[in-house]
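Structural overview for review
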Amino acid sequence: MLTHLAPSNSHLYGPPFDSNSSMDSSSDTEDSDSCSTSSSSIFSPPSSASTSKTSYVPSARSASPVPSVWSLTSSMRAQAFKHEYGRGLNNYSEVYRLPADDEELDRLDAQHNMFMEVMGKYPPCMEEVMTDDIPGETKAVLDLGCGSGRWIMDVARDFPYCSAVAVDLVPMQSIYMPPNLRSEVDDINLGLEHFYGDFNVVHARLISSGVKDYEGLINHISMVLRPAGLIDIMEFDFCIYDENHQRIEVETSKIAEPWLPRWMAFANLAARNRGGDVDAATHLETWVTNHAAFENVIYEDFWLPTCDWRSDSEFMMRMGISMRDDILAFLKSGRPLLLSSGLPEDLVNELEANAARELQFTKARHYVRLQCLHARKRRN
């Protein structure tokens, strides 16, 4: 879920932002359980743009023979996209139901800018990992669920000697792709065996709602990485927190304030019902720390105010405005997810309008929690 101006030290995880360096594993389980929501009778079972060009490689699992590089033609666009509830969605996954249209790409670009300002562009060890120090080896970076592609395009430009690959359910649509970057259309739920041993860095950001088995994905990533490679992941738990960083528990059995936590509870349940691993953020540290392939695990929490209520800090107020704008756009992006889950349109409209009003006028003291982790693969 969640909008950017790079700081001078944008190659690092940047300035502290209500960041905590560790999580208590026992509380993880309790948090996960408390965020789980029983299915509401409001839900019924789920039902099953531009002319810019890019280059991409269709999925290795494609049934039809393909050349190595394609340009995005109108027929390929029609194959990759479908329109539901007024938005353009991917045509391959019934799990991930957020849009992939121009409006969503604009939101993700703005979100990328915000994330860079909060935590920087890359983990501190990125430059070390990407040093061209092994004769005959081309450093390679994989971005899983690349979205608008801003992060992986930065990588391709910042490390022009590397090979960069962007994977998503739709092809990248930028006309500015660097020559060392290619876009692949694939569903990572089908596995990553075709990438085993090929990459020095694997990056993923806010993809848990479209991943069925996130712990299994981490294991795949361990096999994709070369020795001493870097895993860099960030997730969000589809929950809202109060000013004391306590999760706001609401039910989907009633419609009442607080509105943003209520809307998020419905989105959480809708994504869960479609098979998304929406609890993944809560378990990232445990899964990676306990995995035999990884070492030097660095975990951080980042708490972003949902609007400009943090008057004690100009930076926090500015980030609150960016977060508010991102959430307002996300409320619109979430309509296909909620409507396809069986919620009546008038109820979705009520939830969305009240959550937007709460963000813009009430200035409720709420936070979003981003859970970020990077680690190195052991050399042997």
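Remember, predicted model here, so these are calculated numbers, not experimental data. (Residues numbered from 1 in each chain as written. Predicted model: local features only at pLDDT ≥ 70, side-chain atom pairs only at ≥ 80, totals over all residues. Heavy atoms only, no water.)

Some remarks on the side chain of arginine 262
You can see arginine 262 is positioned in helix H7 (residues 259–273). Summary of buried charges: arginine 262 has no salt-bridge partner, and the nearest side chain of opposite charge, glutamate 251, is 6.0 Å away. A distance of 2.8 Å separates the side chain of arginine 262 from the backbone oxygen of glutamate 251, its partner in a polar contact. Arginine 262 has contacts with Val250, Glu251, Lys254, Ala256, Glu257 and Leu351, leaving out every residue within four places of it along the chain. (Helix = DSSP H or I, 4+ residues; strand = E, 2+ residues; numbered from the N terminus. Buried < 20%, exposed > 50% of the residue type's maximum accessible area, 1.4 Å probe, protein only. Lys, Arg positive; Asp, Glu negative; His and termini not counted. Salt bridge = Lys/Arg side-chain N within 4 Å of Asp/Glu carboxyl O. Polar contact = N/O pair within 3.5 Å; in protein donor to acceptor, adjacent residues only side chain to side chain. Contact = heavy atoms within 4.5 Å.)

Looking at the packing of helix H9 (residues 314–333) against helix H11 (residues 345–362)
Contact pair H9 / H11: the axes reach a minimum separation of 10 Å and the direction vectors enclose 175°. In terms of orientation, H9 and H11 fall into the roughly antiparallel class. Contact with H9, carried on its side by Arg324, Ile327, Leu328, Leu331 and Lys332, involves Glu352, Ala355, Ala356, Leu359 and Gln360 of H11 and no other residues of that element. In terms of residue class, the contact of H9 with H11 is built from six nonpolar, one polar and three charged. (Axes fitted to C-alpha atoms, helices over the stretch in contact; angles between N-to-C directions. Parallel < 35°, antiparallel > 145°, perpendicular 65-115°, else oblique. Nonpolar A, V, L, I, M, F, W, Y, C, P; charged D, E, K, R; others polar.)

Looking at helix H8 (residues 280–289)
In terms of residue burial, H8 counts as a mostly covered element, since eight of its 10 residues are buried. All of the buried residues along H8 are Ala280, Ala281, Thr282, His283, Leu284, Glu285, Trp287 and Val288.

Some remarks on the confidence of the model for the chain
Of all residues in the chain, 79% have pLDDT values of 70 or greater, and the mean over the chain is 84. Confidence drops under a pLDDT of 50 for residues 1–56, and excluding neighbours within four residues, the segment shows 187 contacts in the predicted structure. Under a pLDDT of 50 for its full length, residues 62–71 has, in the predicted model, 14 contacts with residues more than four places off or in other chains. (pLDDT = per-residue confidence, 0-100.)

Describing the pairing of strand S6 (residues 163–168)
Burial analysis of S6 places five of its six residues in the buried class, the great majority of the element. Across five bridges, the pairing between strand S5 (residues 140–144) and S6 is parallel. Each bridged residue has a counterpart across the sheet, and for aspartate 143 the counterpart in S6 is alanine 166. Note on the crossover from S5 through helix H5 (residues 150–158) to S6: the handedness is right-handed. Two elements, S6 and strand S7 (residues 181–185), share five bridges in a ladder whose sense is parallel. Counterpart to valine 165 in the pairing with S7 is arginine 182. (Pairing = 2+ DSSP bridges. Right-handed = clockwise from strand over helix to strand, strands pointing away.)

Comments concerning the pattern of salt bridges
By the definition in use, this model includes 27 salt bridges. Linking arginine 150 and aspartate 109 is a salt bridge whose minimum nitrogen-to-oxygen distance equals 4.0 Å. Residue arginine 150 is found in helix H5, and its partner aspartate 109 is found in helix H3 (residues 102–119); the two are separated by 41 residues along the sequence. Accessibility expressed as a relative area gives 24% for aspartate 109, which makes it partly exposed. We note a salt bridge from glutamate 352 to arginine 335, for which the minimum N-O separation is 2.9 Å. Here the residue glutamate 352 occupies a position in helix H11, and arginine 335 occupies one in helix H10 (residues 335–340), the gap between them amounting to 17 residues. Neither residue differs from the other here; glutamate 352 and arginine 335 are each classed as buried. Each member of the salt-bridge network shares a partner with another, and the members are Lys82, Glu84, Glu94, Arg97 and Arg274.

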